Amino acid sequence: MTVLRFFQNNRLVAPYNHLNLLSRDKDYFLAEHDHPFYQLIWVTKGTLHVFHNGTEHRLKRGQLCIIPPGELHSLASEGGYEQLGIDLNQTCDERGIVSMLEKQVKHFVVLDRSDMLSVIVEVDEMVDHFTILAKLQIARLLDSILLSCVQMLDSDTSFRSQMLILMNMRLSENLTLNELSEQLSVSTSTLKRITNREFGCSVIGLFHQLKINKACSLIINSKLSMTQIAETLGFFDQAHFSRFFKQKMKMTPVQFKKTNAL
């Protein structure tokens, strides 16, 4: 890891407890963990894989995730990446920012804020001369990031939940983009945009990931045969299921079962 910038609460305005600009080396991995505070990871270069609640989120340049307290997650990056990281105080602050997040951001979320990347350049310039004025200006910039994210989530959080519920209900089908957009009463272009912003992947990519998550759960936790699992998830036959599984997981369903049994 190469630390580019690093500041803690004695040099930041509440509720900001920790701020970093850093670069992670390739093949980076951080095992599953959680925090007692809100954390924001904003990718500025490369790709970061965030694994949360059985779903892999691929964060590219400009995309960020907000991780609420107690949410288990792990991090990985094959080629390395750079980030702006923000940790908030555990307790509520006088300005009410933590309280606002507690009301508006109750679940892990991924957003596209590539339109605000210039903020990071401003922060980087200010920390070279960390005066009281610079400290206040950095707080203003961090406020603008969080407030813009909350405003974005006001209209999209319920849509995100609806989409996940609908997809999970129809894992046994070969759901198409047009069918999903019709059920959610949005255009296909809007659906693509929101899915990429919220999950960091395509609509079909998300649907396939949910299928894989369900397949892994059934293989480990049920007594269904591979043929029965294939039928449950809408595959033509076991061979079709095995090819799909191997493409996503780099091993066959049988190999996955043996590995997890061990």
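Heads up: the structure comes first, above all this text.
The shown structure was predicted, so the numbers you read here are calculated from the model rather than taken from an experiment.

1. Brief notes about the nonpolar core
Counting 35 residues, the largest nonpolar core has Y16, W42, I66, L88 and I145 as the members making the most contacts within it. Element by element, the count of residues in this core is highest for helix 3 (residues 132-169), at 11 residues. When residues no more than four places from it in sequence are discounted, the contact partners of L88 are P15, Y16, N17, F37, Y38, I97, V98, L101 and L146. In this structure, F159, L177, L210 and I212 belong to the second largest nonpolar core, which totals 31 residues.

2. Some thoughts on helix 6 (residues 203-221)
A rise of 1.5 Å per residue sets the reference length of helix 6, with its 19 residues, at 27 Å; its end C-alpha atoms lie 27 Å apart and thus fit the reference within 8%. Of the residues making up helix 6, those classed as buried are V203, L206, F207, L210, K211, I212, N213, A215, C216, L218 and I219. The residue sitting at the N-terminus of helix 6 and contributing the capping side-chain oxygen is S202; that oxygen lies 2.9 Å from the backbone nitrogen of G205.

3. What about the environment of P69?
Following the sequence through the fold, P69 ends up in the loop between strand 7 (63-67) and strand 8 (73-77). Accessibility expressed as a relative area gives 37% for P69, which makes it partly exposed. The spatial distance from the C-alpha of P69 to the C-alpha of G234 is 36 Å, given a sequence separation of 165 residues. Setting aside residues no more than four positions away along its own chain, P69 makes contact with H35, P36, F37 and Y38.

Parameters and conventions
Residues numbered from 1 in each chain as written. Predicted model: local features only at pLDDT ≥ 70, side-chain atom pairs only at ≥ 80, totals over all residues. Heavy atoms only, no water. Core = buried A, V, L, I, M, F, W, Y, C linked by side-chain atoms within 4.5 Å. Buried < 20%, exposed > 50% of the residue type's maximum accessible area, 1.4 Å probe, protein only. Helix = DSSP H or I, 4+ residues; strand = E, 2+ residues; numbered from the N terminus. Contact = heavy atoms within 4.5 Å. Expected span 1.5 Å × (residues − 1). Polar contact = N/O pair within 3.5 Å; in protein donor to acceptor, adjacent residues only side chain to side chain.

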